[in-house]
Amino acid sequence: MRAFLFKHSANTVTIVGIILAAWANMLMWNYQDLGLVLALTLAVAATDLADGRIARRWKIVTLEGISLDRARDKAFMVPMFFFFCKDLWLGEGIVFAFIKAMLVLILLTEGGLVISWVVGLRRGFDVSAHRAGKIKQTIYFVIVCLWLLVRLVEQKSAFRSGLVSALVLSFLLLLAAIYALKSLIGYLERYAKGPPG
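What comes next is a walk through the structure. (Residues numbered from 1 in each chain as written. Predicted model: local features only at pLDDT ≥ 70, side-chain atom pairs only at ≥ 80, totals over all residues. Heavy atoms only, no water.)

## What about the packing of aromatic side chains?
Scanning the model with the defined rule gives nine aromatic pairs in all. Seen in terms of ring centroids, Trp29 and Phe83 are 5.3 Å apart; in terms of plane orientation they differ by 75°. Their pairing is edge-to-face. Here Trp29 is found in helix H2 (residues 9–29), whereas its partner Phe83 is found in helix H4 (residues 63–88), with 54 residues between them in sequence. Taking relative accessible area as the criterion, Phe83 reaches 0% and is therefore assigned buried. (Phe/Tyr/Trp six-rings, centres within 6.5 Å; stacked < 30°, edge-to-face > 60°. Helix = DSSP H or I, 4+ residues; strand = E, 2+ residues; numbered from the N terminus. Buried < 20%, exposed > 50% of the residue type's maximum accessible area, 1.4 Å probe, protein only.)

Here you go:
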């Protein structure tokens, strides 16, 4: 039993992250307790950081773990970004149009990443994460935390974030879109070389 728990410790952390991601998204979509959503977002980010470190440190990296990690990332970010689209869709002006364009680009690129991941798994390609994907995921977490903090401040006070937070969000979304595209291109380049071995 002990060996089984050790072997699956990183995957267990990832599964906890998937559960927390689902909970955070349900709270968000029901407009409930943004403070708890922020705490859950930070917990999901912690599982994202911890599972890979555990797996690499103890040399228990598995294809299942890599796949679970991707599933957690997508289960958290895709519904969250769809929510942002819904929440911001009525915003007007150049900056809001840019924010919406970046969200749509990110969601389309994430769809491409899911397809490339499935194709890679089926054909035996290296589907492990690479630097651009890790940077992208970090930026995603920063975007979600920033957006939640702004919404919390707006809920608790008369403060309206306005143009400054929209410009910061625009910049972060642009960076995220660039790294999402780099991540997709990275997988396509890997796959063009053929399966390892």
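Having put the structure on the table, let's press on.
## A look at the side chain of Ser116
Position of Ser116 relative to the elements: it lies in helix H5 (residues 94–123). Excluding its chain neighbours within four sequence positions, the residues that come into contact with Ser116 are Leu184, Tyr187 and Tyr191. (Contact = heavy atoms within 4.5 Å.)

## Details of the packing of H4 against H5
Contact geometry for H4 and H5: axes closest at 10 Å, N-to-C directions at 155°. One finds that H4 runs roughly antiparallel with respect to H5. Between H4 and H5 the crossing geometry is left-handed. Seen from H4, the contacting residues are Leu63, Ser67, Arg70, Lys74, Val78, Phe81, Phe82, Phe84, Cys85 and Leu88; seen from H5, they are Phe96, Ile99, Lys100, Leu103, Ile106, Leu107, Glu110, Leu113, Val114, Trp117 and Leu121. (Axes fitted to C-alpha atoms, helices over the stretch in contact; angles between N-to-C directions. Parallel < 35°, antiparallel > 145°, perpendicular 65-115°, else oblique. Left-handed = near helix turned anticlockwise from the far one by under 90°.)

## Re H5
Relative to the 44 Å expected for 30 residues at 1.5 Å per residue, H5 spans 43 Å between its end C-alpha atoms, a close match to the ideal helical length. Residues of H5 that are buried make contact with H4, helix H6 (131–156) and helix H7 (162–192). Residue Gly124 follows H5 closely and has a positive phi angle near 80°. (Expected span 1.5 Å × (residues − 1).)

## With respect to a nonpolar patch on the surface
On the surface, Trp89, Val104 and Leu108 cluster together to form a nonpolar patch covering roughly 320 Å² of accessible area. In this structure, Val104 sits in helix H5. With relative accessibility at 35%, the residue Val104 sits in the partly exposed group. (Patch = residues over 30% accessible without salt bridge, like charges linked within 9 Å, V, L, I, M, F, W, Y side chains within 5 Å. Areas by Shrake-Rupley, 256 points an atom, 1.4 Å probe, with all protein chains shown as cover. Salt bridge = Lys/Arg side-chain N within 4 Å of Asp/Glu carboxyl O.)

Function cannot be read off these values alone, since they describe shape.
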